[in-house]
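Report on the structure
Next come the chains, spelled out residue by residue.
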Amino acid sequence: MDVFSFKIPFQDRSIDVALIIATDKEPIDIAYETLPLYNEEMLAVFRDDKPFADQAVLPVQMLDQHPMIICKGGYEVPIVDLFKRAGAELQFGFVVHNVNTCLSMIEQGLGTALLPAISLSWLPPGVKAVPTNPKAYRNIEIAVPSLMEASPAARLFIETAQQLFGHRSSD
C-alpha cells in the first residue's frame, strides 16, 4: 500500500497508527503526524561477475543505465531518491513483490537491486551485497492522526515500537 493511501483512513480516524516508509514527495505531515522509528540501510546486490564487483563501496553512478530489479513494498522511493542524489539515471528492469524472487533473478544475471541489509541474511552463490556511495536508506516512521489525541492502545504501540527499534540505523 502506498504511503499516500493512508490519508483518507487517517482523516476519518479509522486507522489509529501505522508504520510508513518516509518520503519527501509531498508534505505528509498535514494528514498525520510522524515519529522516526528506524533507518534501514539499503545495499547494492549483484552477481560477482559484474564489472563493478571488485568495489567495496559501489558508486551509484556505476549503476547508471544498468537494469535494476525493484522490489515493491517501500523500496521504490529510496531507490529513486538515491539515483537522483547521485545524478545517475535509473533503468527499471523488473518489478517484483518478493525479496527471494529478486535474489533469484540477480543470481540468474537479470539485473541488480538495492535491498535492505536486514533482509540479506542469506545470499545465493555468486551474489554479493555492498554499500553504496552515496548511502541509501529506507526510513521507517510511525504515523498517527494526532499524537495529542492518540488512543491508549496507539500510545502503547508507539512506546513498544520505540523500545524495540528506538530510532536507530541498521548500519
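Check the entry above for the structure.
Described below are features of the structure shown in this document.

Side note on the overall build of the protein
Secondary structure summary: the protein contains 4 helices and 10 strands in total. Shown N-terminal to C-terminal, the secondary structure of the protein runs as helices and strands in the order α-β-β-β-β-α-β-α-β-β-β-β-α-β. Sequence-distant contacts, at least 24 apart, represent 75% of the contacts inside the protein between residues at least 6 apart. Accessible surface computed for the protein: about 9,100 Å², of which carbon and sulfur atoms make up 54%.

Comments concerning the pairing of strand E4 (residues 67-71)
Burial within E4 is extensive, with 4 of its 5 residues counted as buried. The β-α-β motif built from E4, the intervening helix H2 (residues 76-86) and the parallel element strand E5 (residues 91-96) has right-handed crossover chirality.

Details of the side chain of Ser-146
Here Ser-146 shows up in the loop between strand E9 (136-144) and helix H4 (152-165). With a relative accessible area of 10%, Ser-146 lands in the buried category. Only 3.2 Å separates the side chain of Ser-146 from the backbone nitrogen of Glu-149, close enough to count as a polar contact.

Quick look at the packing of aromatic side chains
With the rule as written, the count across this model stands at 2 aromatic pairs. A ring pair is formed by Phe-46 and Phe-52, whose centres lie 4.9 Å apart and whose planes are at 80°; its orientation type is edge-to-face. Of note, Arg-138 hangs over the ring of Tyr-75, and the distance from its end group to the ring centre comes to 4.4 Å.

Remarks on H4
Along its 14 residues, H4 runs 20 Å from first to last C-alpha, staying within 8% of the 20 Å computed at 1.5 Å per residue. Within H4 the residues assigned to the buried category are Ala-154, Ile-158 and Ala-161. Seen along its axis, H4 keeps its buried residues to an arc of 70°; they face one direction. Turned more than 90 degrees off the buried face of H4, the exposed positions are Pro-152, Ala-153, Leu-156, Gln-163 and Leu-164. Looking at the packing, one finds that the buried side of H4 touches strand E2 (33-47) and E9.

Here's the deal with the environment of Leu-82
Looking at where Leu-82 falls in the secondary structure, it is placed in helix H2. Sequence separation between Leu-82 and Ala-136 is 54 residues, and the spatial gap between their C-alpha atoms is 6.0 Å. In contact with Leu-82, not counting residues within four places along its chain, are Val-60, Leu-114, Thr-132, Pro-134, Lys-135 and Ala-136.

Thoughts on the nonpolar core
Counting residues in hydrophobic clusters, the biggest one holds 34 residues, and the most contacted among them are Ile-79, Phe-83, Cys-102, Leu-114 and Leu-115. Contributions of two or more residues to this core are made by E2, E4, H2, helix H3 (99-107), strand E6 (113-116) and strand E7 (127-130). Residues within four places of Phe-83 in sequence aside, it is in contact with Val-60, Leu-63, Met-68, Ala-88, Glu-89, Leu-90 and Leu-114. Ile-142, Val-144, Ile-158 and Ala-161 belong to the second-largest nonpolar core, a separate cluster that totals 8 residues.

Re the side chain of Thr-132
With respect to the helices, strands and loops of the structure, Thr-132 is situated in strand E8 (residues 132-133). Note on Thr-132: relative accessible area 3%, which makes it buried. Leave out the neighbours within four places in its chain, and Thr-132 touches Ala-44, Val-57, Leu-58, Val-60, Leu-82 and Leu-114.

What counts and what doesn't
Residues numbered from 1 in each chain as written. Predicted model: local features only at pLDDT ≥ 70, side-chain atom pairs only at ≥ 80, totals over all residues. Heavy atoms only, no water. Helix = DSSP H or I, 4+ residues; strand = E, 2+ residues; numbered from the N terminus. Contact = heavy atoms within 4.5 Å. Areas by Shrake-Rupley, 256 points an atom, 1.4 Å probe, with all protein chains shown as cover. Buried < 20%, exposed > 50% of the residue type's maximum accessible area, 1.4 Å probe, protein only. Right-handed = clockwise from strand over helix to strand, strands pointing away. Polar contact = N/O pair within 3.5 Å; in protein donor to acceptor, adjacent residues only side chain to side chain. Phe/Tyr/Trp six-rings, centres within 6.5 Å; stacked < 30°, edge-to-face > 60°. Lys NZ or Arg CZ within 6 Å of the ring centre and 35° of its normal. Expected span 1.5 Å × (residues − 1). Arc of directions from axis to C-beta. Core = buried A, V, L, I, M, F, W, Y, C linked by side-chain atoms within 4.5 Å.

Honestly, it's all geometry; don't read function into it.
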